[in-house]
Amino acid sequence: MQVRLLGTAAAEGIPSLFCRCETCKQALALGGKNIRTRTSVMIDETLKIDFPPDTYFHMIRDGLDLDLVQDLLITHSHSDHLLADDLYMRLPGYAQTEDRPIHVYGHDLPISKCISVVGLEQQKFEFHIVRPFVPFEMQTAKVVPLLADHDPMETCLLYYIEKDGKTIFYGHDSGWFPDETWDFLKDKKLDLAILECTTGRSKYRRNHMNVDSVLETKAWFEANGVLKPGSQVAVTHFSHNAHLLHEDLTAIFEPHGIQVAYDGMTINL
Ligand SMILES: [Zn+2]
Ligand SMILES: [Zn+2]
Ligand SMILES: [Zn+2]
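Residues numbered from 1 in each chain as written. Chains lettered and ligands numbered in written order. Predicted model: local features only at pLDDT ≥ 70, side-chain atom pairs only at ≥ 80, totals over all residues.

Undergrad: What am I meant to see in the overall build of the chain here?
TA: A count of helical and extended segments in the chain gives six helices and 14 strands. In terms of overall dimensions, the chain has a C-alpha envelope of 50 × 45 × 35 Å along the principal axes. Within the chain, buried positions represent 46% of all 269 residues. Within the chain, contacts between residues at least 6 apart in sequence are counted, and of these 65% link residues at least 24 apart. (Helix = DSSP H or I, 4+ residues; strand = E, 2+ residues; numbered from the N terminus. Buried ≥ 20, exposed ≤ 12 C-beta atoms within 10 Å, placed from the backbone. Contact = placed C-beta atoms within 7 Å.)

Right, dumping it as structure tokens:
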């Protein structure tokens, strides 16, 4: 199985729209792994997580055939995770596509955003509202939605994904997990955990994770036997406001056995 990290920035991207901070200037000058677009992951070309504004760019950059996607999982409705308007481009008259729906899964707010754009009277998308801790089966994987502590005005979801005998925890945007999520993860065995580190060295760990909470989460996974031998942990969803370049992030995380994601990075499981 191949997990491709299409984008690895928080909402503003790096360099960020309108921003004149030193980190954005340096990222632009350095290029390469310091250029980060809004977050999404593609698993084996058929399962996509989130549909950010940079999806169009990801398609061109990585040569993706988006019409191979069978299942689209949405974590929450924030603009860096869902640009529902672009779903419209799969409707008749806009694109020549396979004659089958892409199944879209999420909590009520992102799903109602999607429906407000494409409606229900079409055959190109089928929508499914999912609930925290209620397992469901898609065409490509079995999934359990878990609770995040991200936006108090929305039920934001993390996902536990089982596909082809492998298990993935998709952990963002998470904040420090609510107790029910820790309890769920306690007896799991992961091949891959993807965590967020949006706020860097700041003290805050509610709504988004910082460096310390990522390191504590990895330590908790190890203490509870959650990571299978040979498993991988990756960190992503970085904000320019943390003022950490790729090399700063690798200096922090690699000694702890955590991979720092970059746009286009692939993880083979
Ligand atoms: Zn986000
Ligand atoms: Zn900036
Ligand atoms: Zn968010």
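Undergrad: Could you clarify how one ought to interpret the sheet that holds strand 2 (residues 40–43) in this entry?
TA: Adjacent strands of a sheet pair through backbone hydrogen bonds, lying either parallel or antiparallel. The seven strands are arranged 6-5-4-3-2-1-14 in an open sheet whose pairing can be described as mixed. Looking at which strands have only one partner, the edges of the open sheet turn out to be strand 6 (125–129) and strand 14 (266–268). On average, each strand axis in the sheet is inclined to that of its neighbour by 20°, with strand direction left out of account. Summarising the sheet, strand 5 (residues 102–106) and strand 6 pair through five bridges and their orientation is parallel. (Pairing = 2+ DSSP bridges. Axes fitted to C-alpha atoms, helices over the stretch in contact; angles between N-to-C directions.)

Undergrad: Just checking my understanding: could you explain the sheet that holds strand 7 (residues 136–137) for this structure?
TA: The seven strands are arranged 7-8-9-10-11-12-13 in an open sheet whose pairing can be described as mixed. One side of each edge strand has no neighbouring strand; the edge strands of this open sheet are strand 7 and strand 13 (259–260). Strands in contact with helix 5 (residues 211–223) are strand 11 (190–196) and strand 12 (227–236); relative to strand 12, the strand with the most contacts, it is inclined by about 170°.

Undergrad: Just to check I follow, could you spell out unusual backbone geometry for this structure?
TA: Outside of glycine, negative phi angles account for most residues, and trans bonds account for most peptide bonds. Of the consecutive residues Ile14 and Pro15, the connecting peptide bond is found in the cis state with omega at -5°. Among the structural elements, Pro15 can be located in the loop between strand 1 (2–7) and helix 1 (22–30). In the segment running from His172 into Asp173, the intervening peptide bond is cis, with an omega of 5°. Positionally, Asp173 belongs in the loop between strand 10 (166–171) and helix 4 (179–185). Phi at Phe18 takes a positive value of approximately 75°, unusual for a residue other than glycine. Turning to its location among the elements, Phe18 is positioned in the loop between strand 1 and helix 1. With a phi close to 70°, Asp50 is a non-glycine residue in the positive phi region. Structurally, Asp50 can be placed in the loop between strand 3 (47–49) and helix 2 (55–62). With 26 C-beta atoms packed within 10 Å, Asp50 lands in the buried category.

Undergrad: Mind showing me how you'd approach the pairing of strand 11 here?
TA: The side chains of a regular strand alternate, residue by residue, between the two faces of the sheet. Counting buried positions over the seven residues of strand 11 gives seven, a clear majority of the element. Bridge count for strand 10 against strand 11 is four bridges, and the pairing is parallel. Looking at strand 11, one finds that Tyr170 is bridged to Ile194. Tracing the backbone out of strand 10, into helix 4 and back to the parallel element strand 11 gives a crossover that is right-handed. (Right-handed = clockwise from strand over helix to strand, strands pointing away.)

Undergrad: Sorry, what's going on with helix 3 (residues 108–118) here?
TA: Residues separated by three or four positions in an α-helix point in the same direction, a consequence of the helix having 3.6 residues per turn. Turning to helix 3, its buried residues are Pro110, Ile111 and Cys114. One side of helix 3 carries all its buried residues, which in axial view fall inside an arc of 100°. Buried positions along helix 3 lie against strand 5 and strand 6. Just downstream of helix 3 lies Gly119, where phi reads positive at about 75°. (Arc of directions from axis to C-beta.)

Undergrad: Mind showing me how you'd approach the pairing of strand 2 here?
TA: Across the two faces of strand 2 the burial is the same, with Ser40 and Met42 and Val41 and Ile43 all buried. Strand direction decides the pairing type here: strand 1 and strand 2, joined by four bridges, are antiparallel. Looking at the pairing, Val3 lines up with Ile43 of strand 2. Across three bridges, the pairing between strand 2 and strand 3 is antiparallel. Each bridged residue has a counterpart across the sheet, and for Val41 the counterpart in strand 3 is Ile49.

Undergrad: Where do I start with the nonpolar core in this structure?
TA: Soluble, globular proteins show a tendency: their nonpolar side chains are buried together. Core analysis: the largest hydrophobic core is formed by 67 residues, its most contacted members being Tyr159, Tyr170 and Val235. Among residues more than four places away in sequence, those in contact with Val235 are Leu195, Cys197, Val214, Phe253, Ile258, Val260 and Ala261. (Core = buried A, V, L, I, M, F, W, Y, C linked by C-beta atoms within 7 Å.)

Undergrad: What is the right way to read the environment of Lys33 from this model?
TA: In this fold, Lys33 is placed in the loop between helix 1 and strand 2. Exposure remark for Lys33: the 19 C-beta atoms within 10 Å place this residue in the partly exposed category. Considered as a pair, Lys33 and Asp263 are 230 residues apart in the sequence and their alpha carbons are 6.7 Å apart. For Lys33, the residues in contact, after removing those within four places along its chain, are His246 and Tyr262.

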